Amino acid sequence: MADDEEEQGGRIFFSNIGRSMELEDEIMLTSVGIDIGSSTSHLAFSRIVLERLDTRYMVVERTLLHQSDVLLTPYSGNDEIDAEALGAFITQQYAAANLKPEAIDTGALILTGVAVRRKNARAIGDIFSAQTGKFVVVSAGDGLETTLAAFGSGAVTRSAQQNIRVLNVDIGGGTSKLALCEGGAIRHISAIDIGARVIAFDEARRVTRIEEAGHHFAGRAQVPIALGTVLTQADARRIADTMVDCLFEAMQGGTMPPQTAALHRLPPLPAGPLADVVTISGGVSEFLYAEQQQSFSDLGPLLAEALRAKLARWPPRLEVPQQGIRATVVGASQYTVQVSGSTIYVEPLGLLPIRNVPVIKPPIAFEEDIDAGAVAEAVRDALSRLDLIDGESPVAICYEWQGSASYRRLDDFCRGIIEGFAPILAHGHPLILVGEGDIGGLVGMHCREDAGVAKVVSIDGIKLDEFDFIDIGAMLETSGAVPVVIKSLVFPSLGLGHEAFEKQ
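The structure contained in this document is the topic of the report that follows. Source: prediction; values computed, not measured. (Residues numbered from 1 in each chain as written. Predicted model: local features only at pLDDT ≥ 70, side-chain atom pairs only at ≥ 80, totals over all residues. Heavy atoms only, no water.)

When its secondary structure is counted, the protein chain shows 14 helices and 21 strands. Within the protein chain, the fraction of its 504 residues that count as buried is 55%. Once local pairs closer than 6 in sequence are excluded, the contacts in the protein chain between residues at least 24 apart make up 70%. When the accessible surface of the protein chain is split by element, carbon and sulfur atoms take 49% of a total near 21000 Å². (Helix = DSSP H or I, 4+ residues; strand = E, 2+ residues; numbered from the N terminus. Buried < 20%, exposed > 50% of the residue type's maximum accessible area, 1.4 Å probe, protein only. Contact = heavy atoms within 4.5 Å. Areas by Shrake-Rupley, 256 points an atom, 1.4 Å probe, with all protein chains shown as cover.)

Structural data, given as structure tokens:
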């Protein structure tokens, strides 16, 4: 913690505006969201109003200040994003919004699709993080991108408000992400190599880019293709029709042809009843809902045309998403501050401070007898869902302890957490535990002393949700407490955007 913060009795100040959240019931922030995708990149600037709710500040108002142009993601080669061109575009958009970087309180940068797999993707994320110091930077793999699109499109909220099953299909440049939502939650996700820019061409229709999936679908459509060859409109339509047929096999779930199953980047959707409503987000949605007239010299318009025709004969009704191409743009990060009390455990103390740690919140059943195996499975599922299972970054586990803290229950809980968390621990990251109840010290001590985990940060009295990112400050000498800054991804709620789209 900075000396001036400790001298002020532990109050937490925003680094660029020097105000104490302890003294204010309402906070206004300026935020920016940046999405660098495999096909397009864009920004959105917002003003967010937060109000105090007990110890936590909640978003009560969000105003869009500026929405950038959509840029075709620039590449300097097959394996690298053109950082200079991308930086120039972002600088231009700051100027168009009449905002300077130092005026931004918070934000999030998301790398998605094929862009994540470029050699310098992580370096670009690190550059932005270093420049701002206040950004949440996320390399969104297939699972997280699918989840982001489901929330950003409004599908999750729609499923709760209308009490229906909603299938959101986010069709981008390289992949299509499928999320089946019910009761305000994502029940199943999947992703498949189908996208508008698996084949791209210039104004003369000469092929300039072919992804592996592009070769696959051209072969299935019996269309010869190679870099530099001319792709006729008729041949492009045959490829697009083949892709949409395959996409519908994925949308229906269950058993499907082996060649379709092989294209999946995440396990296929399970067999089951069809959704009541389908929403389409991602770049192709702009053509499907007739909002985008500009062509990007790819298969987007033809995919939308084939998809619309097929959806017209499909039982689920088609509705407009809350967000289309911008579904995975994170509007902003909201800052909230809480303080974890004295029942905490940190070993060694030098682990703190830590920042920008993603949070998982696995559904753990605190029965009289805690099932360690079930706890481990829940943790693994949560890590996989948010693409954190590779263990490359530290992760915080949020839990809501219920019942007594007997040795047996503590031991089963801790053993399950440690087993499920094994990929993270194997990379040398600490075990970070955040409880809502007054039990952080006991849990942390058990993990360290009885289970032998070398690095443990266990705090309590903090309310978190999945998708939160947290900073945990150094321990305050005067109280033994630690300040916790919570950055929550802000998604639009249903009813703020498009009206429902009815099939004709």
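Pairing within the open sheet is mixed, and its 5 strands lie in the order β9-β8-β7-β12-β13. This sheet does not close on itself; its edge strands, each paired only once, are β9 (185-192) and β13 (317-319). Each neighbouring strand pair of the sheet contributes to a mean axis angle of 25 degrees, computed without reference to strand direction. Along the sheet, helix α4 (residues 142-152) makes contact with β7 (165-171), β8 (176-182), β9 and β12 (277-281), crossing β9 at roughly 125 degrees. (Pairing = 2+ DSSP bridges. Axes fitted to C-alpha atoms, helices over the stretch in contact; angles between N-to-C directions.)

What follows covers the packing of helix α7 (residues 233-252) against helix α10 (residues 300-311). Axis separation between α7 and α10 bottoms out at 8 Å; the angle between their running directions is 50 degrees. Here α7 is positioned oblique relative to α10, judged by the angle of their axes. Note that α7 runs across α10; the crossing there is right-handed. Together, Gln-233, Ala-236, Arg-237, Ala-240, Asp-241, Met-243, Val-244, Asp-245, Leu-247, Phe-248 and Met-251 of α7 and Leu-302, Leu-303, Glu-305, Ala-306, Leu-307, Lys-310 and Leu-311 of α10 make up the contact between the two elements. Along the lines of polarity and charge, the residues of the contact of α7 with α10 split into 12 nonpolar, 1 polar and 5 charged. (Parallel < 35°, antiparallel > 145°, perpendicular 65-115°, else oblique. Left-handed = near helix turned anticlockwise from the far one by under 90°. Nonpolar A, V, L, I, M, F, W, Y, C, P; charged D, E, K, R; others polar.)

On to the pairing of strand β11 (residues 207-210), then. Pairing analysis gives 3 bridges linking strand β10 (residues 199-201) to β11, with the strands arranged antiparallel. When the sheet's bridge partners are listed, Ile-199 is paired in β11 with Ile-210. Between the antiparallel neighbours β10 and β11 lie 5 residues, among them Arg-205 with a positive phi of about 65 degrees.

Time to look at the nonpolar core. Membership of the largest hydrophobic core comes to 49 residues, with the highest contact counts inside it found for Ile-239, Met-251, Ile-280 and Leu-311. Element by element, the count of residues in this core is highest for α7, at 10 residues. (Core = buried A, V, L, I, M, F, W, Y, C linked by side-chain atoms within 4.5 Å.)

Looking only at helix α14 (residues 440-450), the buried set comprises Gly-440, Gly-441, Val-443, Gly-444, His-446 and Cys-447. For α14, the secondary structure elements touched by its buried residues are β15 (345-347), β17 (396-399), α12 (407-420), β18 (431-435) and β19 (456-459). Following α14 by one or two positions, Gly-452 has its phi on the positive side, about 80 degrees.

On to the environment of Ile-189. If you trace the backbone, Ile-189 turns up in strand β9. C-alpha separation for the pair Ile-189 and Asn-168, spaced 21 residues apart in sequence, amounts to 9.6 Å. Residues within four places of Ile-189 in sequence aside, it is in contact with Gly-143, Thr-146, Thr-147, Leu-178, Ala-179, Leu-266, Pro-267 and Leu-269.

The subject of this paragraph is α4. The buried fraction of α4 amounts to 10 of the 11 residues, a majority that puts the element mostly inside the structure. Listed in full, the buried residues belonging to α4 are Asp-142, Gly-143, Leu-144, Glu-145, Thr-146, Thr-147, Leu-148, Ala-149, Ala-150 and Gly-152. Directly after α4, the chain includes Gly-154, whose backbone phi takes a positive value near 90 degrees.

Shape is all these values report; function is a separate question.
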